[in-house]
Amino acid sequence: ESVRMFVTAIMEDEGWVCSEARNGVECMDAVEQEVPDLIILDYQMPKMDGFEAFRRLRDNHTTEKVPIIILSGINESDAEVVSYTAEDLEAAFGVPKPEGFVDKPVTADHLRKCIMGVIG
């Protein structure tokens with residue numbers, strides 16, 4: 001919840017309207033109601049993890065072109081791997097590269113720069 005609040009605060013501060021989902025299932029339900037301009041997914045979500053949600057979003061003709069940023073602490077949680085980058089995701093998890101990848105912990109400035117780099 002604190003990460004969702006953090007991201008929402010940053011985006012609303014920039015004037016963007018945000019919608020939140022507590023898990024991958026809610027995310028999929030939300031995009032069926034309204035297609036967003038950007039999706040920020042955490043890898044570690046209950047009910048459906050971020051990579052499964054990512055795969056489904058890319059397989060859906062309505063959301064396949066929506067830019068996605070993966071916001072994750074995966075580098076902290078996987079002791080066997082030193083570091084994942086966006087380029088590593090396809091090989092490691094079988095998903096295409098997202099438009100952005102931000103490793104937690106992240107500062108507000110860094111997240112803003114990543115979002116602006118993706119959606120301008």
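So, how was this worked out
- Residues numbered from 1 in each chain as written.
- Predicted model: local features only at pLDDT ≥ 70, side-chain atom pairs only at ≥ 80, totals over all residues.
- Heavy atoms only, no water.
- Phe/Tyr/Trp six-rings, centres within 6.5 Å; stacked < 30°, edge-to-face > 60°.
- Buried < 20%, exposed > 50% of the residue type's maximum accessible area, 1.4 Å probe, protein only.
- Helix = DSSP H or I, 4+ residues; strand = E, 2+ residues; numbered from the N terminus.
- Arc of directions from axis to C-beta.
- Polar contact = N/O pair within 3.5 Å; in protein donor to acceptor, adjacent residues only side chain to side chain.
- 1 Å grid on protein atoms, 1.4 Å probe; cavity = no way out; pocket = protein on both sides within 12 Å on 5 of 7 lines; lining within 4 Å.
- Points joined across faces, edges and corners; volume = space filled by probe spheres on them.
- Nonpolar A, V, L, I, M, F, W, Y, C, P; charged D, E, K, R; others polar.
- Pairing = 2+ DSSP bridges.
- Axes fitted to C-alpha atoms, helices over the stretch in contact; angles between N-to-C directions.
- Contact = heavy atoms within 4.5 Å.
- Core = buried A, V, L, I, M, F, W, Y, C linked by side-chain atoms within 4.5 Å.

S.K.: An account of the packing of aromatic side chains is requested, with residue identities and associated values reported.
M.R.: Enumeration according to the criterion identifies one aromatic pair in this entry. Geometrically, the ring pair formed by Tyr-43 and Phe-51 is tilted, given 4.5 Å between the ring centres and 50° between the ring planes. Grouping residues by exposure puts Tyr-43 and Phe-51 together as buried.

S.K.: Give a description of helix α3 (residues 50-59) that names residues and reports values.
M.R.: For α3, the complete set of buried residues consists of Gly-50, Phe-51, Ala-53, Phe-54, Leu-57 and Arg-58. The buried residues of α3 occupy an angular sector of 155° when projected down its axis, which confines them to one face. At the N-terminal end of α3, a side-chain oxygen is found 3.0 Å from the backbone nitrogen of Phe-51, two or three residues along, and the residue is Asp-49.

S.K.: Describe the layout of surface pockets, with residues and values.
M.R.: Of the pockets and cavities examined, the largest pocket occupies roughly 950 Å³. Along the wall of the largest pocket there are 32 residues; nearest its centre are Ser-19, Glu-20, Leu-38, Ile-39 and Ile-40. Secondary structure elements with two or more residues in the lining of the largest pocket: α1 (2-13), α2 (24-33) and β1 (39-42). Sort the elements by how many residues they give to the lining of the largest pocket and α1 lands first, with five residues. By residue class, the composition of the lining of the largest pocket is 20 nonpolar, five polar and seven charged.

S.K.: Please give an account of the sheet that holds β1 that cites residues and values.
M.R.: For sheets, the rule is that strands pair by backbone hydrogen bonds, running either parallel or antiparallel. Taken in spatial order, the three strands line up as β1-β2-β3 in an open sheet, and their pairing is parallel. With partners counted over all chains shown, the strands left at the sheet margins are β1 and β3 (100-103), one partner each. Strand-to-strand twist of the sheet, defined as the mean angle between neighbouring strand axes without regard to direction, takes the value 20°. Summarising the sheet, strand β2 (residues 68-72) and β3 pair through four bridges and their orientation is parallel. Residue Ile-70 lies in a different strand from β3, and its bridge partner there is Phe-101. The sheet strands contacting helix α6 (residues 108-119) are β1, β2 and β3, and the helix crosses β3 at an angle near 175°.

S.K.: Residues and numbers for the nonpolar core, please.
M.R.: Ranked by size, the top nonpolar core spans 16 residues in total, and within it Ile-39, Leu-41, Ala-53, Leu-57, Ile-68 and Ile-70 carry the most contacts. Every element with two or more residues in this core is listed here: α2, β1, α3 and β2. Per element, the largest residue contribution to this core is four residues, and it comes from α3. Residues in contact with Ile-68, not counting those within four places in the same chain, are Ile-39, Leu-41, Phe-54, Leu-57, Arg-58, Pro-98, Glu-99 and Gly-100. One finds Ile-69, Leu-111, Cys-114 and Ile-115 within the second-largest nonpolar core, a separate group that totals 11 residues.

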